[in-house]
Amino acid sequence: MGNSFLGAIVFLSIVIPTYNRLPILEKCLRALESQEFSNKTYIEDYEVVLVDDGSTDGTLNWLALHKDEFPHVRCFEQNHAGPAAARNLGVEKAQGDTIIFIDSDLVVLSNFLQAHTNALVQGREKLGSDRFFTYGAVINTCNFNNPTGEPYKITDFSAAFFATGNVAIPKHWLEKAGLFDNGFQLYGWEDLELGVRLKNLGLKLIKCPEAVGYHWHPPFSLQQIPKLIDQEIQRGRMGVLFYQKHPTWEVKMMIQMTWFHRLLWRILSVNGLLNERTMSPFLQWLINIGKPQLALEIARIFLNWYNVKSVYAAHAETKSK
């Protein structure tokens, strides 16, 4: 295999955890099999390391039936343990020296791997080392039939340092940082927590906007609200775990465990009076007139309030133990 020193070729391992995402996973894998390269000088080869996290939707059976259509895919499975454990297994099984993390509901453009490779080469030339990772663009869409037709929106902007939706990094830095913490078994923060450790190792972020991935999710509906609330509660609990590992002001701001966030979302939600029950008629009206994304953004008023309350409740629990 190649290595990640300055000027060497790379072998890319795209690590993808999946859990009950078969319809969009098919689009994800077909996009990776349709990669086009304008310059393979620095690319030795690539593989797709898919880790099934205990799916019950027939993902493994479907892959077995269609394996000839996906020559780059190597599939592994585990009992349901969450994305952190799945990504760790993927890194362990990866044959490449450079890991690209994407999610199984991400559909990439045909120049995706070439764009990341170009950015990796340019980064080495600029920094004189491989102490960095490249971060591609993620565009959210609910268009299942044509996910890559979605334009970039201001709500697609992310200020995250390290997020596994679309990132390429030398494998040895992941191993040196200690991989993902399997303690993050609920929703949220496992990638940003690893990002803190990578930043402490001196790694830099190099943005790679040409490596575009389209993150698909179904159009917002009122039926999704209980699940979204549960995710926010889980994210709050995992946020406190994040803070326990890195008790800094920066992490406090990230997980919204400050008096400012508590006051902000209390005011915006009118102390909880704007909630899933009182806002449902208005949200449904927005959905009916074809504005489900706007409805979701407005629903974040009470969703964020659930998150902040969960953060403080989980923090109180840890202090009482």
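Residues numbered from 1 in each chain as written. Predicted model: local features only at pLDDT ≥ 70, side-chain atom pairs only at ≥ 80, totals over all residues. Heavy atoms only, no water.

### Some details on the overall build of the chain
Stated precisely, the cut-off is as follows: The way it works is that DSSP assigns letters per residue, a run of H or I at least four long becomes a helix, a run of E at least two long becomes a strand, and they are numbered from the N terminus. Taken over C-alpha atoms, the radius of gyration is set against a globule rule of 2.2 Å times the number of residues to the power 0.38. Each residue is placed in one exposure class: buried if its accessible area under a 1.4 Å probe, protein chains only, is under 20% of its type's maximum, exposed if it is over 50%, and partly exposed if it falls in between. Only heavy atoms matter for contacts: two residues are in contact if any of them lie within 4.5 Å across the pair. Only the protein chains shown count as cover for residues, and all accessible areas are computed by the Shrake-Rupley method using a 1.4 Å probe. For the purpose of charge, His is not counted, nor are the chain termini; Lys and Arg are scored as positive and Asp and Glu as negative. Lysine's charge is taken at NZ, arginine's at CZ, aspartate's at CG and glutamate's at CD.
Secondary structure summary: the chain contains 11 helices and eight strands in total. In summary, the chain has a C-alpha radius of gyration of 20 Å against a globular reference of 20 Å for 321 residues, a match within 12%. Seen through its principal axes, the chain has C-alpha atoms that stretch 60 × 40 × 35 Å. Across the 321 residues of the chain, 51% fall into the buried class. Long-range contacts, defined here as pairs at least 24 residues apart, represent 81% of the contacts in the chain between residues at least 6 apart. Of the roughly 15,200 Å² of accessible surface on the chain, a fraction of 56% belongs to carbon and sulfur atoms. Charge-centre separation for the chain: the mean point of 31 positive side chains lies 9 Å from the mean point of 32 negative side chains.

### Quick notes on the pattern of salt bridges
As a reminder of what qualifies: Only one rule defines a salt bridge in this text: a Lys or Arg side-chain nitrogen within 4 Å of an Asp or Glu carboxyl oxygen.
Here the structure, examined in full by the defined rule, presents 16 salt bridges. For Arg-30, the salt bridge is made with Glu-69, and the minimal N-O distance between the two is 2.7 Å. Here Arg-30 is found in helix H1 (residues 22-33), whereas its partner Glu-69 is found in the loop between helix H2 (59-65) and strand S3 (73-77), with 39 residues between them in sequence. A relative accessible area of 37% places Glu-69 in the partly exposed class. In this structure, the salt-bridge partner of Glu-193 is Arg-197, at a minimum N-O distance of 2.7 Å. Taken together, the residues span about one helical turn, with Glu-193 and Arg-197 both in helix H6 (residues 190-200) at a distance of four residues. A single burial state applies to Glu-193 and to Arg-197, both of which are buried. One network of salt bridges, in which partners are shared, links Asp-181, Glu-193, Arg-197 and Lys-245.

### Notes on the sheet that holds strand S5 (residues 106-108)
The following threshold applies: In this scheme, strands are said to pair when DSSP sees at least two bridges between them. In this description, a line fitted to the C-alpha atoms serves as the axis of each element, helices being fitted only across the stretch in contact, and the angle between N-to-C directions of two axes falls anywhere from 0 to 180 degrees.
Read across the sheet, eight strands follow the order S3-S2-S1-S4-S7-S6-S8-S5 without closing on themselves; strand pairing throughout is mixed. In this open sheet, the two edge strands, each paired with only one partner strand, are S3 and S5. Taken over all neighbouring pairs, the strand axes of this sheet differ in orientation by 30° on average, direction set aside. Strand direction decides the pairing type here: S5 and strand S8 (residues 204-216), joined by three bridges, are antiparallel. Bridging from a neighbouring strand, Val-107 pairs with Tyr-214 of S8. On the sheet, helix H4 (residues 112-127) packs against strand S1 (10-18), strand S2 (43-52), strand S4 (98-102), S5, strand S6 (132-141), strand S7 (166-170) and S8 and is oriented at approximately 170° with respect to S8.

### Let's talk about the packing of helix H10 (residues 280-288) against helix H11 (residues 292-320)
Put simply, the rule is: The labels follow the angle: roughly parallel below 35 degrees, roughly antiparallel above 145, roughly perpendicular from 65 to 115, and oblique for the rest. Handedness of each helix crossing follows the sense of rotation of the near helix against the far helix: counterclockwise by less than a right angle gives left-handed, clockwise gives right-handed. When residues are grouped by polarity, Ala, Val, Leu, Ile, Met, Phe, Trp, Tyr, Cys and Pro land in nonpolar, Asp, Glu, Lys and Arg in charged, and all others, Gly among them, in polar.
Remark: H10 packs on H11, axes separated minimally by 7 Å, with the N-to-C direction vectors making an angle of 160°. Judged by the inter-axis angle, H10 sits roughly antiparallel to H11. Like other packed secondary-structure pairs, H10 and H11 cross with a definite hand, here left-handed. Residues Phe-282, Leu-283, Leu-286 and Ile-287 of H10 lie in contact with H11, whose contacting residues are Pro-292, Leu-294, Ala-295, Ile-298, Ala-299 and Phe-302. Looking at the contact of H10 with H11 residue by residue, the classes come out as 10 nonpolar, no polar and no charged.

### Quick notes on the side chain of Gln-35
Worth spelling out the cut-off: Polar contact is defined as a pair of N or O atoms within 3.5 Å, subject to the rule that within protein one atom must be able to donate a hydrogen and the other to accept it, and that residues adjacent in sequence are counted only when both atoms are side-chain atoms.
The topology assignment puts Gln-35 in the loop between H1 and S2. A distance of 3.0 Å separates a polar atom in the side chain of Gln-35 from the backbone oxygen of Ala-31. One polar contact links the side chain of Gln-35 to the main-chain amide nitrogen of Phe-112, over a distance of 3.2 Å. Look past the residues within four positions of Gln-35 in its chain and what remains in contact with it is Tyr-46, Val-108, Leu-109, Ser-110, Asn-111, Phe-112 and Leu-113.

### So, the nonpolar core
Our working rule: The definition of a nonpolar core used throughout is a set of buried Ala, Val, Leu, Ile, Met, Phe, Trp, Tyr and Cys residues joined through side-chain atoms within 4.5 Å.
Counting 34 residues, the largest nonpolar core has Ile-14, Ile-16, Leu-29, Leu-32 and Ile-102 as the members making the most contacts within it. With sequence-adjacent residues up to four places away left out, Ile-16 is seen in contact with Cys-28, Leu-29, Leu-32, Val-48, Val-49, Leu-50, Val-51, Ile-102, Asp-103 and Ser-104. Core analysis: the next-biggest nonpolar cluster, separate from the first, contains 22 residues, Val-51, Ala-94, Phe-133 and Trp-173 among them.

### Section: a nonpolar patch on the surface
Where we set the bar: Put simply, a patch holds well-exposed residues, over 30% relative accessible area, that have no salt bridge, with like charges counted together within 9 Å and Val, Leu, Ile, Met, Phe, Trp or Tyr side chains within 5 Å.
A surface patch of nonpolar side chains, about 480 Å² in accessible area, is lined by Trp-259, Phe-260, Leu-263 and Ile-267. For Ile-267, the location among the structural elements is in helix H9 (residues 259-268).

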